[in-house]
Amino acid sequence: MSAWQEKRTDWKADRDAFVADQKAVRKTGKLPEHLGPPPSGFALLPWLLMGMGAFSNLFQGKTPNPWIGGIGLLVFNSLYIHVVFRAFTKEAREARSTRGALLALGIVTCLLGGLYGGSWLLFFPLLGLAAGAIVRGRWLGKTGLGLSALAGVVAGLRDGWGAVNVAYGTFLSTMVTAAILSLSDAVRELRAAREELARQAVEKERLRFSRDLHDLLGHTLSVIVVKSEAARRLAPRDMDAALVQVSDIESVGRQALTEIREAVTGYREGSLAADLDRARSALLAAGVEPVVRQSGPPLAAQTEVLLGWVVREAVTNVVRHSGAGRCEITVDGSTEHVRLRVTDDGRGAAPPESPVPGIGGTGIGGTGLKGLTERLAAAGGLLEAGPGARNGFTVTAELPVDPVDPARMAEPVDAVGRVPSL
């Protein structure tokens, strides 16, 4: 009774929500989001009225041994209610106790139908309803045919050719009930899957946007800081040179605003040449001698975007951490792949963040390099970072000329769903 009251409360709450949605539909014309109350045992209770004929015969004294009939009727109704209310939860539906109750219901139905016949044979279609609510999948057809044959045999012994109607009704009630309930479950599962896909799409876009902001602002703000420091140092002794640095700060800031707008709209197309020019300017402002070499055929837009991110991150780390006097940026392209290498002659230490495993077995530290590793891996490339052969630090990125579907590049690889910090 406690479980019955709980299900009834849930059903009423879902019904009230559905009614509210229907009123909103009449006002706005927009389709409702609520599908209405999910099916429950209450949907199968009205079919117990099929037993009213047996109940009437029992009270009119047309049934021999009325005490046996009354007890049998009570047991049948109790088992039927128990079974149908457990049919709408997968765990309860597949439990052995539920299958045992269904078997007991079948035995009681055979005893009552075989003993009294007539209206009592209508309990077989009710048995089919309960069986259709419980049995799903590959056993459904065999169960429906088996129950129909059983109903036909018992009814044939009591009612002759009327057994055909009983057998047909049993088979029809079993199959139709199973089909309707399976379809209802499928609709609700599909709706839940659609909502989950929409939620994941929003989460992926949020992660993409966060990583884009990191890649865009991390480098740009570092350039602004370096040039601001250079302008402050130059101002007391060379105002013209300081004004040049201030002009560069203004240019970098305007470019950053443009790139952020493009990133927000999702239509940002990178230019590797522009990124190399900004890297050269940032290195000069930091007192690092830049050496930039580029060779090979023109690159695809997505390839330039990825390599531009690598240039930004690597040069930012050189400016911030290396203490280098010289930085070489080399881009070598061929018909099959393109390789970018950024090497400095500084202290040779990785960024101070904790290291994480790299693609090629090399430790790649830092949120930025970790995010780039994931991006390049999604595009079919790799990123390696570590101490140089002699000294300094080296970042090497390699990509195929035709990258993988760009949509995959926005998918987060981090299983725990962390958002990279800016």
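That block above? That's the structure.
Residues numbered from 1 in each chain as written. Predicted model: local features only at pLDDT ≥ 70, side-chain atom pairs only at ≥ 80, totals over all residues. Heavy atoms only, no water.

Student: I'd like to hear about the packing of helix 5 (residues 96–116) against helix 6 (residues 123–134), residue by residue, with values.
Tutor: Any two packed helices are characterised by how steeply their axes cross, that is the angle between the axes, and by the distance between the axes. In contact at an axis separation of 10 Å, helix 5 and helix 6 are set at 170° when each is read in the N-to-C sense. By the angle between their axes, helix 5 is roughly antiparallel relative to helix 6. Contacts between helix 5 and helix 6 involve Thr 98, Arg 99, Leu 102, Leu 105, Gly 106, Thr 109, Cys 110 and Leu 112 from the first element and Phe 123, Phe 124, Leu 127, Ala 130, Ala 131 and Ile 134 from the second. Each residue belonging to the contact of helix 5 with helix 6 can be placed in one class, and the counts come to ten nonpolar, three polar and one charged. (Axes fitted to C-alpha atoms, helices over the stretch in contact; angles between N-to-C directions. Helix = DSSP H or I, 4+ residues; strand = E, 2+ residues; numbered from the N terminus. Parallel < 35°, antiparallel > 145°, perpendicular 65-115°, else oblique. Contact = heavy atoms within 4.5 Å. Nonpolar A, V, L, I, M, F, W, Y, C, P; charged D, E, K, R; others polar.)

Student: For the packing of aromatic side chains, give the residues involved together with the corresponding values.
Tutor: The final tally for this structure, using the stated rule, is four aromatic pairs. With 6.3 Å between their ring centres and 15° between their planes, Phe 76 and Tyr 80 make a pair best called stacked. Residue Phe 76 and its partner Tyr 80 are both found in helix 3 (residues 66–85); the two are separated by four residues, about one turn of the helix. Across the pair, exposure class does not vary: Phe 76 and Tyr 80 are buried alike. Summarising the aromatic geometry, the rings of Tyr 116 and Trp 120 are spaced 4.9 Å apart at their centres and angled 35° between planes, so their arrangement reads as tilted. In this pair, the class of Tyr 116 matches that of Trp 120, namely buried. Among the aromatic residues, ring-to-ring pairing joins Phe 76, Tyr 80, Tyr 116, Trp 120 and Phe 123 into one connected group. The cationic tip of Lys 142 hangs over the ring face of Trp 139; the distance from NZ or CZ to the ring centre is 4.9 Å. Above the face of the Trp 309 ring, Arg 375 is positioned so that its terminal group lies 4.0 Å from the ring centre. (Phe/Tyr/Trp six-rings, centres within 6.5 Å; stacked < 30°, edge-to-face > 60°. Buried < 20%, exposed > 50% of the residue type's maximum accessible area, 1.4 Å probe, protein only. Lys NZ or Arg CZ within 6 Å of the ring centre and 35° of its normal.)

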